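Structural description and commentary
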Amino acid sequence: MTTEQPITDKSRHPGQPRLLQRWLPGMSWVLLGLPILFFAFVWQYYAVNIPKWDDHALRAFLFYSDQEPTLTGKIYQLFRQHNEHRIVYDRLITRLDYSLFGKLNFVHLMLVGNLSLVGLLLVFVAALRRSMPGRTTALYALPISLLLFNLSQWENMYWGMAALQNFSVVLWVLAAFYFLSYTRLWGLALVSATLATLTSGNGLIVWPIGFVILALRLPAYVPATGRQLYRPLLGWLAGAALVIGLYFTGFEKPDGIAYVKPGLTDLLKGWFAVLGAAAEALPVRTPLRTCILLGAVLFAAIVYVIVKTLWTNRVLIGKVFSGLVTRNTNVLKTEKVMASSTLFFWSSAAFILGTTLVVAWARTGFGVNLLITSRYKMYSLTGLSLVYFYTVANLPGRLARWWMMGSILSSCVFAGLTYYAFLDETIWWRHWLTTNQFNWTYTTNRPVTSSDSISQKYTPSTPAFYDAALPVLFGPAQQPALDLKLTEINGGFSIESATFPFQGLRDEGAYVVARSAKRTYLFPVWQNQQSVLAARFKPASVFTNGFKATLLDLELDAGSYRLFVLKVTSPTTFSLYPTNQQLTSKGPPATVSTKNW
């Protein structure tokens, strides 16, 4: 006879802890990938294969390189200065894309650049894994994924050359610092540092910072003796001399770029604005002030960690540098090596602070508002990721878990807000690119394209919404007159409508049409919008009736233009409205200042 034992929670689910341990790593990787997948979905929905500004320089590189009859000439075109940068990496990807597909596709360049964010996330994952052994690394990296993959990055996301340059340089620099801080693979760090320098000018910062980190890590290179112990330092110095020497060989200061030097107070405000630019996504009335405040807090946090860890490691730092100066290898062969997470934090923070300071010095004089634009947000988001990484990697177990969970919640809210805050700019960006293509393709008052042979060879026009609208665009306006307010401003005209209804979230919407006796232009508008709270978090409800647009003399040939509004309701439904408004453009100025983005 047997007696039944009472069923307890423990006996009912005997495998529950083991099952959770088995599934948690896989589930964590899935969660880590969700922000990337959503980012990729939004990116492909709005990305369009049309060049912007510096993208044309990549097409010019292909042309000039193909004209070079010698190998040395082609190498010169590869290393040729672009503004103050050597964009060798960008040009290599450009050449590879053209060779593989027969045409240069700027969406492909965006894709490669955006994949740099995936590489950067993996650098943080690797650093967390080495700093927090035994933990579910992917779950602890989730806040970093949410900070990096969101619509704050919209400008770099949808701009081929900017994606390659602005995203990739951060990847190469932090990868170099990871190899120097966590491994003895200084050769890989050397390759990463070289790629950083040949991607963007701020990649030069990697060399002095890397030398310091490598020097502090020399005790990790035992049991090397004699010259072998100094081989990493000597190799790093040789690599730095070679790469920096090549960078500045034949270097010339770009013409036509007049920097406006800010005062100390304005410089600090600008510096903090760049550092805290991520805060623009928050639904506040004064985004610039909020960005400056977040930048000040981020700056204080970084400086606090650096000062605290410098003081904690002062004796060890003194021994290492004493051994270097006296060439006493016995001093260097200490059993204690500085924490890798500290070295990684120091080096990455120095890069972020140095880059944002240079941006603030060069741009603050043109207006502080320029400093929180999307193309600079990468450094703010990386700075926030770095502070989170160091904090969670150095907190004790239970506190680290709570910090991780709180960070997941806050970064999830932040990432969600970005998809509302920057949706209007993302849509406008797509409209701006497509209308620009129209304006350089149709240069008369007839639906006949005008394209040079070089463009056709390297970057032919991409299909756009207006292809189906050409009969309406160049035909008579058959709709009732639309009430439009026209105001002359400095350098152009401001246009406003208070009643035009919202049409859709992609190519749909209103476009301003300007017609002269010689040609027709097409321009995008900014649809009016309300707050996220008023829209109840529905993307389409963010937009309300009415729009604004700016037409600059720079964008129009001199002459008189009648204004119309093109309404795009669907890919096949178009309407043209007269406005009874007319403007007279002075045309573009004789000289245009050099762009230096």
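Just so it is clear, the structure is predicted and the values come from calculations on it, not from any experiment. (Residues numbered from 1 in each chain as written. Predicted model: local features only at pLDDT ≥ 70, side-chain atom pairs only at ≥ 80, totals over all residues. Heavy atoms only, no water.)

In this section: the overall build of the chain. Helices and strands together make up the secondary structure of the chain, namely 23 helices and eight strands. Seen through its C-alpha atoms, the chain measures out along the principal axes to roughly 85 × 85 × 50 Å. A total of 597 residues make up the chain; the buried ones form 52% of that total. Expressed as a percentage of contacts within the chain between residues at least 6 apart in sequence, the contacts between residues at least 24 apart total 77%. Within the structure as shown, the chain displays about 28200 Å² of accessible surface, and the carbon and sulfur contribution to it stands at 62%. Of the charged side chains in the chain, 50 are positive and 27 negative; the average position of the first set lies 12 Å away from that of the second. (Helix = DSSP H or I, 4+ residues; strand = E, 2+ residues; numbered from the N terminus. Buried < 20%, exposed > 50% of the residue type's maximum accessible area, 1.4 Å probe, protein only. Contact = heavy atoms within 4.5 Å. Areas by Shrake-Rupley, 256 points an atom, 1.4 Å probe, with all protein chains shown as cover. Lys, Arg positive; Asp, Glu negative; His and termini not counted. Charge placed at Lys NZ, Arg CZ, Asp CG, Glu CD.)

A complete count under the given rule lists 41 aromatic pairs for this structure. With 6.4 Å between their ring centres and 85° between their planes, Phe500 and Tyr577 make a pair best called edge-to-face. Of the two residues, Phe500 is situated in the loop between β2 (492-497) and β3 (509-515) and Tyr577 in strand β8 (residues 573-585); the sequence distance between them amounts to 77 residues. Under the relative-accessibility criterion, Phe500 is labelled buried at 3%. Exposure remark for Tyr577: the relative accessible area of 14% places this residue in the buried category. Three or more aromatic residues link up through ring pairs in this structure, and these residues are Trp53, Trp154, Trp159, Trp428, Trp429, Trp432 and Trp526. The aromatic ring of Tyr247 is capped on one face by Arg86, whose charged end is 5.9 Å from the ring centroid. Positioned over the ring face of Phe564 is Arg515, at 4.7 Å from the centre of the ring. (Phe/Tyr/Trp six-rings, centres within 6.5 Å; stacked < 30°, edge-to-face > 60°. Lys NZ or Arg CZ within 6 Å of the ring centre and 35° of its normal.)

Time to look at the sheet that holds strand β7 (residues 559-570). Ordered in space as β4-β3-β7-β8, the four strands form an open sheet in which the pairing is antiparallel. The strands lining the two open edges of the sheet, one partner per strand, are β4 (520-523) and β8. Neighbour to neighbour, the strand axes of the sheet diverge by 25° on average, direction disregarded. Two strands pair when backbone bridges link them, and β3 and β7 are joined in this way by seven bridges, in the antiparallel orientation. Counted as the bridge partner of Tyr511 is Leu566 from β7. Of the strands in this sheet, β3 and β4 touch helix α21 (residues 423-441), which is tilted by about 170° from β4. (Pairing = 2+ DSSP bridges. Axes fitted to C-alpha atoms, helices over the stretch in contact; angles between N-to-C directions.)

Looking now at the confidence of the model for the chain. A low pLDDT means the predicted coordinates there should not be read in detail. Per-residue pLDDT for the chain averages 90, and the proportion of residues at 70 or more is 92%. Within the chain, helix α8 (residues 142-148) carries the highest mean pLDDT (98), whereas helix α1 (residues 9-12) carries the lowest (41). Note that pLDDT drops below 50 for residues 1-16; the model gives that stretch two contacts with residues more than four away or on any other chain. (pLDDT = per-residue confidence, 0-100.)

Looking now at the nonpolar core. Side chains of a nonpolar character, in soluble globular proteins, are inclined to be buried together. Counting 147 residues, the largest nonpolar core has Tyr158, Leu174, Phe344, Phe345, Phe351 and Phe389 as the members making the most contacts within it. The greatest single-element share of this core, amounting to 18 residues, is contributed by helix α10 (residues 160-182). Not counting chain neighbours up to four residues away, the residues in contact with Phe351 comprise Val170, Val173, Leu174, Phe177, Asn202, Ile205, Ile209 and Tyr379. By size, the runner-up hydrophobic cluster in this structure holds 20 residues, among which are Val512, Phe523, Phe547 and Tyr577. (Core = buried A, V, L, I, M, F, W, Y, C linked by side-chain atoms within 4.5 Å.)

This part is about α10. Given a rise of 1.5 Å per residue, 23 residues ought to cover 33 Å, and the 32 Å separating the end C-alpha atoms of α10 matches this to within 8%. Taken as a whole, α10 carries its principal kink of about 30° at Ser168. Taking burial as the measure, the 23 residues of α10 include 23 buried ones, the bulk of the element. (Expected span 1.5 Å × (residues − 1). Bend = angle between axes of the 7 residues up to and from the residue.)

For the rest of this paragraph, the subject is the pairing of β2. With five of six residues buried, β2 is to be regarded as a mostly interior element. In this structure, strand β1 (residues 485-489) lies alongside β2, joined through five bridges in antiparallel fashion. Across the sheet, Glu488 pairs through a bridge with Phe493, a residue of β2. Linking β1 back to β2 in an antiparallel pair, the connection comprises two residues, with Gly491 at a positive phi of about 85°.

Turning our eyes to something else, we now look at the pattern of salt bridges. Per the stated rule, a full pass over the model turns up five salt bridges. With a shortest N-O distance of 3.1 Å, Asp66 and Arg95 are connected by a salt bridge. Taken as a pair, Asp66 in helix α3 (residues 55-67) and Arg95 in helix α5 (residues 88-101) lie far apart in primary sequence, 29 residues in all. With relative accessibility at 30%, the residue Asp66 sits in the partly exposed group. Between Glu280 and Lys377 there is a salt bridge, with its nearest N and O atoms 2.5 Å apart. On the criterion of sequence distance, the pair formed by Glu280 in the loop between α14 (264-275) and α15 (287-312) and Lys377 in helix α19 (residues 377-394) is long-range, its members being 97 residues apart. (Salt bridge = Lys/Arg side-chain N within 4 Å of Asp/Glu carboxyl O.)

Attention now moves to a nonpolar patch on the surface. Side chains of Val30, Leu31, Leu34 and Leu37 sit close together on the surface and give an oily, nonpolar patch of about 370 Å² of accessible area. Here Leu34 lies in helix α2 (residues 16-46). (Patch = residues over 30% accessible without salt bridge, like charges linked within 9 Å, V, L, I, M, F, W, Y side chains within 5 Å.)

If you trace the four strands from one edge of the open sheet to the other, you get β1-β2-β6-β5, paired in antiparallel fashion. Edge positions in the open sheet fall to β1 and β5 (526-529), since each of these has one partner strand only. Adjacent strand axes in the sheet meet at a mean angle of 25°, parallel and antiparallel pairs treated alike. The strands touched by α21 are β5 and β6 (543-552); relative to β5, the strand with the most contacts, the crossing angle is about 160°.

Attention shifts here to the packing of α3 against α5. One can describe the packing of α3 onto α5 by two numbers: an axis separation of 10 Å at closest approach and a directional angle of 75°. Taken together, the axes of α3 and α5 are roughly perpendicular relative to one another. Here α3 contributes Leu58, Phe61, Leu62, Ser65 and Asp66 to the contact with α5, which in turn contributes Asp90, Arg91, Thr94, Arg95 and Tyr98. Class assignment for the residues of the contact of α3 with α5 results in four nonpolar, two polar and four charged. (Parallel < 35°, antiparallel > 145°, perpendicular 65-115°, else oblique. Nonpolar A, V, L, I, M, F, W, Y, C, P; charged D, E, K, R; others polar.)

Attention now moves to the environment of Gly475. The residue Gly475 is located in the loop between α23 (470-473) and β1 in this model. Considered as a pair, Gly475 and Leu576 are 101 residues apart in the sequence and their alpha carbons are 8.5 Å apart.

At a minimum axis separation of 10 Å, α5 and helix α6 (residues 106-131) run at an interaxial angle of 130°. For the element pair α5 / α6, the angle class is oblique. Seen from above, α5 lies across α6 with right-handed handedness. Of α6, the residues touching α5 (which contributes Tyr89, Ile93, Thr94, Asp97 and Phe101) are His108, Leu109 and Val112. (Left-handed = near helix turned anticlockwise from the far one by under 90°.)

Here we come to the side chain of Gln153. Following the sequence through the fold, Gln153 ends up in the loop between α8 and α9 (154-157). Engagement of the side chain of Gln153 in a polar contact is seen with the backbone oxygen of Leu148, the distance being 3.2 Å. Other than its neighbours up to four places away in sequence, Gln153 contacts Phe39, Leu117, Leu148, Phe167, Ser374, Met378 and Leu381. (Polar contact = N/O pair within 3.5 Å; in protein donor to acceptor, adjacent residues only side chain to side chain.)

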